[in-house]
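A structural walkthrough
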Amino acid sequence: MSLIRYEPWNLFDRFQDELNRLGLADYIGKNAVEGDNSNIVTSHWRPAVDIREEENRFVILADLPGVDPKDIDITMEQGVLSIKGERVSDKEESHEGYKRVERVRGTFYRRFSLPDSADAERIEAKGKDGVLEIVLPKLEKEQARRISVKS
């Protein structure tokens, strides 16, 4: 007996993707389901992303297997961080009696609204082993300033 993982919300995601692909999303509301709007019509797949907040920074980890880090485009505009790129991978396997060729291709596009405490000027990104790490340092907190009263 095999165990199958059931994800009930996955069906809604696929339905929304199909509406977007057919161009029908505008007829029933641009964003029928509130939440992550980072999967746009031009995306063929949506990489898994982990976001965590630490004491002095925010860290975004995106799983991008088969994507060369130099082919990832990261932009920051008006408080929104955008990550886009394309995955292209050809895998060929031959054994006695059969041959298999698999091609994995597709573009991705994710967007994240940054909190006001993130320092957009010091964002750093690095990619290694199919994982993109984006570090967003927090802004230095302003120290309370004592104001003297003149007489």
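If you're wondering where the values come from, they're calculated on a predicted model, not measured in any experiment. (Residues numbered from 1 in each chain as written. Predicted model: local features only at pLDDT ≥ 70, side-chain atom pairs only at ≥ 80, totals over all residues. Heavy atoms only, no water.)

1. A look at the environment of Pro137
As for its placement among the helices and strands, Pro137 is situated in strand E7 (residues 131-137). Residues Pro137 and Val59, spaced 78 residues apart in sequence, show a C-alpha to C-alpha distance of 8.5 Å. Setting aside chain neighbours within four positions, we find Pro137 in contact with Asn56, Arg57, Ser117, Ala118, Asp119, Arg122 and Ile123. (Helix = DSSP H or I, 4+ residues; strand = E, 2+ residues; numbered from the N terminus. Contact = heavy atoms within 4.5 Å.)

2. With respect to the pattern of salt bridges
This structure, assessed with the given rule, holds 6 salt bridges. Across the salt bridge formed by Arg57 and Glu54, the nearest N and O atoms sit 2.6 Å from each other. Accessibility expressed as a relative area gives 26% for Glu54, which makes it partly exposed. Taken together, the shared-partner salt bridges connect Arg52, Glu54 and Arg57 into one network. (Salt bridge = Lys/Arg side-chain N within 4 Å of Asp/Glu carboxyl O. Buried < 20%, exposed > 50% of the residue type's maximum accessible area, 1.4 Å probe, protein only.)

3. Considerations on the sheet that holds E7
On the basis of which strands lie adjacent, the open sheet formed by 4 strands has the order E1-E2-E7-E6 and antiparallel pairing. The open sheet has two edge strands with one neighbour each: strand E1 (49-53) and strand E6 (124-128). For this sheet, the mean angle separating the axes of adjacent strands, direction not counted, is 15°. Here strand E2 (residues 57-63) runs beside E7; their pairing, made up of 7 bridges, is antiparallel. When the bridges of E7 are listed, Phe58 appears paired with Leu136. (Pairing = 2+ DSSP bridges. Axes fitted to C-alpha atoms, helices over the stretch in contact; angles between N-to-C directions.)

4. A few points about the pairing of E6
Here E6 lies mainly on the outside; 0 of its 5 residues are buried. Here E6 runs beside E7; their pairing, made up of 5 bridges, is antiparallel. By the bridge assignment, Lys126 is partnered in E7 with Glu133. What sits between the antiparallel neighbours E6 and E7 is a turn of 2 residues, in which Asp129 has the positive phi angle 55°.

5. A look at the sheet that holds strand E4 (residues 80-95)
Hydrogen bonds along the backbone pair up the strands of a sheet, which may run parallel or antiparallel. Across the sheet, which stays open at both edges, the 3 strands sit in the order E3-E4-E5 with antiparallel pairing between neighbours. With partners counted over all chains shown, the strands left at the sheet margins are strand E3 (73-77) and strand E5 (98-113), one partner each. Neighbour-to-neighbour, the strand axes of the sheet open up by a mean angle of 10°, direction not taken into account. Where E4 lies against E5, 16 bridges are found, and the strand directions are antiparallel. By the bridge assignment, Glu86 is partnered in E5 with Thr107.

6. Digging into the confidence of the model for the protein
Mean pLDDT over the protein works out to 79, with 78% of the residues at or above the 70 mark. Mean pLDDT across the elements of the protein bottoms out in helix H1 (residues 8-22) (73) and peaks in E7 (95). Across residues 30-35, confidence stays below pLDDT 50; counting only partners more than four residues off in sequence or on other chains, it has 4 contacts. Note that residues 38-42 has pLDDT below 50 and, in this model, 12 contacts with residues that lie over four places away or in other chains. (pLDDT = per-residue confidence, 0-100.)

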